[in-house]
Amino acid sequence: MKKPVLLAKILGPLVLVALVIGFGALQVLYKEFVDDQRLSILRLAATNAELIDSVAQYNFKNDPSHNKETAFEATLSQVHAAFNNISTLEAAGELLIVRREGDYINILVHQETKMKSEEHPERIAVTHPYAQPMLAGLAGRSDTNWVKDIHGHEVLMAFAPSPNLGVAVLVEIPKNSLLAPFVSTSIALIVIGATAIGIATAFTYSQTAFVINNAINSRQNLKQALEEVSKARSMLEHALNSTSEGFALFDREDRLVICNDVYRQIYKSHADAIVPGATLEEILRVGLSRQAFPDAIGVEEIWLADRMEAHRQDRSKLEQQVGDRWLLISEQRTKDGGTVGVRTDITELKRKERELRDSEKKFRDFTVTASDWVWETDTQHRIAYTNMQKIEEVNLDLSTLIGRRRDEFTAEDIDTAKWRKHYQTLDDHEPFKNFQYQVAMEDNAIRTLAVSGVPIFDDYGTFLGYRGTGRDITDFIENRERFRVAFESVTVGIIFADENGMIEGFNPEAEKIFGYQADEISGQNVSILMPDPDHTNHDRYIKNYLGGRDPQIIGIGREVKGKRKDGNIFPMNLGIAEMNVQGRRHFIASITDLTVEHALEHQLRRSQKMEAIGQLTGGVAHDFNNLLGIIIGNLDLARRQIDDISPVTKFIGKAMTAADRGAILTRRLLNFSRQAPEENAAIIVNDVLCDLQELIGKSITSSIAVHLELAEDILPVHLNQGDFEDAMINLAVNARDAMPDGGQLTIATKLITVIDGLQNVVQRVPPGTYVELAISDNGIGMSSDIGDQIFQPFFTTKERGKGTGLGLAMVYGFVKRAGGYISVYSEIGIGTTFRIYLPVAKDENETLLEQIANIEAEPSHGTETVLIVDDEPELAEIAAEVLAEYGYSTLLANSGKQALELLENHPETTILFTDVIMPGGMNGMELGDKAREMRPDLAVLTCSGFTADVLQKRAADKPVYPLISKPYNNKELAIAIRNTLDQAVLS
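Residues numbered from 1 in each chain as written. Predicted model: local features only at pLDDT ≥ 70, side-chain atom pairs only at ≥ 80, totals over all residues. Heavy atoms only, no water.

Novice: Quick question: what am I supposed to make of a nonpolar patch on the surface here?
Specialist: Among the surface-exposed residues, V183, I187 and V191 lie close enough to one another that they form a single nonpolar patch of about 220 Å² accessible area. Tracing the backbone shows I187 in helix α4 (residues 175-213). (Patch = residues over 30% accessible without salt bridge, like charges linked within 9 Å, V, L, I, M, F, W, Y side chains within 5 Å. Areas by Shrake-Rupley, 256 points an atom, 1.4 Å probe, with all protein chains shown as cover. Salt bridge = Lys/Arg side-chain N within 4 Å of Asp/Glu carboxyl O. Helix = DSSP H or I, 4+ residues; strand = E, 2+ residues; numbered from the N terminus.)

Novice: Teacher, can you tell me more about the pattern of salt bridges here?
Specialist: Between side chains of opposite charge, pairing is possible as soon as their charged atoms come close. Across all of its chains, the model carries 28 salt bridges by this definition. Close ionic contact of E772 with K750 constitutes a salt bridge, the shortest N to O distance being 3.8 Å. Within this pair, whereas E772 is found in strand β26 (residues 768-777), its partner K750 is found in strand β25 (residues 743-754), the two being separated by 22 residues in sequence. Taking relative accessible area as the criterion, K750 reaches 41% and is therefore assigned partly exposed. Between R978 and D982 there is a salt bridge whose closest N-O contact spans 3.2 Å. A residue pair is termed a helical-turn pair when its members lie 3 or 4 positions apart in one helix, as R978 and D982 do in helix α27 (residues 970-986) at 4 residues. Each of the salt bridges in this network shares a partner with another, and the network as a whole consists of D251, E253 and R255. (Buried < 20%, exposed > 50% of the residue type's maximum accessible area, 1.4 Å probe, protein only.)

Novice: Help me understand the environment of S783, please; the structure alone is not making it clear to me.
Specialist: Structurally, S783 can be placed in the loop between β26 and α21 (784-787). Put simply, S783 and Y825 are 42 residues apart on the chain and 9.8 Å apart in space, counted from C-alpha to C-alpha.

Novice: Teacher, can you tell me more about the sheet that holds strand β11 (residues 339-345) here?
Specialist: Strands pair in a sheet through their backbones, by hydrogen bonds, and they do so in one of two ways: parallel or antiparallel. If you trace the 5 strands from one edge of the open sheet to the other, you get β8-β7-β11-β10-β9, paired in antiparallel fashion. Pairing within the sheet leaves two strands with one partner each, and these edge strands are β8 (256-259) and β9 (315-322). Taken pair by pair, the neighbouring strands of this sheet meet at an average axis angle of 20°, ignoring direction. Inspection of the sheet shows strand β10 (residues 325-333) paired to β11 by 7 bridges, in the antiparallel sense. (Pairing = 2+ DSSP bridges. Axes fitted to C-alpha atoms, helices over the stretch in contact; angles between N-to-C directions.)

Novice: Before we go on, may I ask you to explain helix α16 (residues 534-546) in this structure?
Specialist: For α16, spanning 13 residues, the distance from its first C-alpha to its last is 17 Å, which sits close to the expected 18 Å at 1.5 Å a residue. The sharpest bend along α16 comes to roughly 30°, located at R540. Of all the positions in α16, only H538, I542, N544 and Y545 are classed as buried. Residues of α16 that are buried make contact with β20 (569-581) and β21 (584-593). (Expected span 1.5 Å × (residues − 1). Bend = angle between axes of the 7 residues up to and from the residue. Contact = heavy atoms within 4.5 Å.)

Novice: Can you help me understand the nonpolar core in this one?
Specialist: The biggest cluster of nonpolar side chains holds 37 residues, and the ones touching the most others in it are F724, M728, L745, L773 and I836. Counting only elements with at least two residues in this core, the list comes to α19 (685-699), β23 (704-710), β24 (717-719), α20 (721-738), β25, β26, α22 (807-817) and β28 (831-839). Among all residues touching I836, those that are not within four sequence positions of it are M728, L731, V771, E772, L773, I775, V815, Y821 and I822. With 26 residues, the next largest nonpolar core counts I41, V79, I97 and V109 among its residues. (Core = buried A, V, L, I, M, F, W, Y, C linked by side-chain atoms within 4.5 Å.)

Function cannot be read off these values alone, since they describe shape.
Encoded structure:
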């Protein structure tokens, strides 16, 4: 047998075990490091939250105007100024102060590191995953979470509440920045491990060569070789199992950014000086003043100069004594000019080295405790000698093994091909390697042993038995199984490939992504998973990388195209890592399918486009509303000036009817753009469905008949009418797509009462009185699998580009907002029925009758003075004429500024009647606030058909004034003025 082959067979398991142990140590180190970082940034967030909360409490208490908004702005200004002066926050990650307003979270303060290249948006929707920790902080909780930020980067975020200010403080660190110190430590450990392996390899090789050259005739020489191997392995295990490292990160100005508790414990004599913002030199000088460094006593300045010179190098290592402990200090510069430092306690290693040098006996004792042992068998393959001791794992009485064959004390079935082949090898007097079998210990624990041996012959060629080594590999097998489970269960596609690009491993997630089974893809080139031109150029990519011309592909995630088994091309995120095993390069690729993410981005762009269309629609409807107001007002005034028997009355009535239809049209446009005043009200769904029937018919093809079956005893329900109309249109369009060849759409209503104990009969609806809407079609139907998913956002059965998957999700959202329930029943080939259960409004039927009576009654007259503000002079003049008929005195203004001047000069003014949307920088709500500051007893009534986001942006502590929708008729205006005045008197 050639020496290199024998050496590889001996060292293979040793190196593999050492690597597994090393990876296990790094995993433990990683968890402890991340936990320390979590605690550190959580403390930072909580400390800043408490500080801001204290400032807010002081400002609220000492604000002379007692205006919370003013105190809030003052506190926010102080926080801005403080953060601009505190540079140490830059290295801790990003610090944000957020506040919720409606469906968005506003980022009020944003302090970020200098390395940050991407900007935060000023607002974040509450539905975005990035907003979840913010919502938790605003809800009063403190914790840390992993989350993807608005750019898709994974960050560790800590959050804490500031209840007095109504905000939350968050600190986030990108995962890449967080792991930088850990990566440096890993590199250091790998270098140490590689050095130890090299020493072990060289030493073992020399001893093995000696044994081979002398025909393996001396057992003592074999023991000595094994002792040397054990020494090398012990050094390796000692280096890899050391987990007491201290970590510290300094910025480019050499100021401390963050360190862990181990680092402070190492320098416990001057731990009070180890604070964020302190420089390394300042920390060392405090330690020198307290004599923390024995070898610096008497030569402090020289020692400090040497230490700082080593610290400023790009990469340095040195040993340092701190008190009675020895440290290995490894430091490395980061890309931004900072320094990552690792402190490893090597006190025990120093002691071991001294003991090994001083005592050959201790060296032999250490060898006895190693996991390897030697053994000999006789010509009948019975154990003649073994030095396997009773160590922690191998709890076995050696005397029971002497004189017995392995198949006589194994704990497994020996009537197998494995055992028959093993004894055939022994009978043929051939060497064997790594024969594995199980043995029951005295405590009944099952351990797996691996033995290797060579036959022994005397000078005459007579077979004397076998001699070899053994090892307990139970832990190795268990670790290998853990790796297998992790490889198969991770939710990211993992692919192993050799340096030629041949696939060696393919986990289940990769199977799902690409459509290949692991056994059919193994051994093929990874280029099979790439479309052109990457497929064609892949071998050149590998060649360039191996030649050192393209090193940037390692460790960098990037978006590329992948190719599935069925030929479909899809976007994916690809990250590649490299490892070296026994001198051969291997590559590990992590794959994330980005198909869903791209679909969401596309949907977002479409939503933004629809929002722009809505804004345009709202603007047009606003101007049209003002024109309708002028038309309706003048027609109403004209009708009052002529007799009812006049023939002109008929023409005015027709014109009024047309204007009312125009008003209905503008309201629908504003409902579409979501810029009409959105208020829930008690409505009769039958009335809405009758008005909507024509629009539904136009939304579907003429080959589909629309039939209404409306019960007469329907009670009011409390909901937003615009949302209800949108839901009906979405269901009608959905039914149209299910009836490509025509059919019938039936919308039925009825009143039902669900009794306690019988709610499961009606789709598990809780007890109560409901209006049931059944929307049925006789289309193609759908399967139960599809029915279970139809309300999920972005789920669609339509072809790409023909459906958004949001229609039924919007219907579901409307039903839930209305406090109702929805179900679906479908039979393939028969049709589909959606049932919506809306709770009857409490006492709303009585309120509705009162409102109808009020509308029909003649408005009451008044003598008060009304200040009318509208940027349309004609509308203001019409309103003045109408109110004058009812006895009111009026003042006219066309802007907020002019209105305030009139209010100051006319103290007799009792009520302000203003449009919400006006040019000039002051809207109607703001005008009302300023007017009420001048006259707290002033009544305010607003009007608009287009409020944009004025109401949505209204602060919670600001009043929302009564609103009358444009266009209004003269009677509605008179009633609204009278009701507002009467309500002001009552309050």
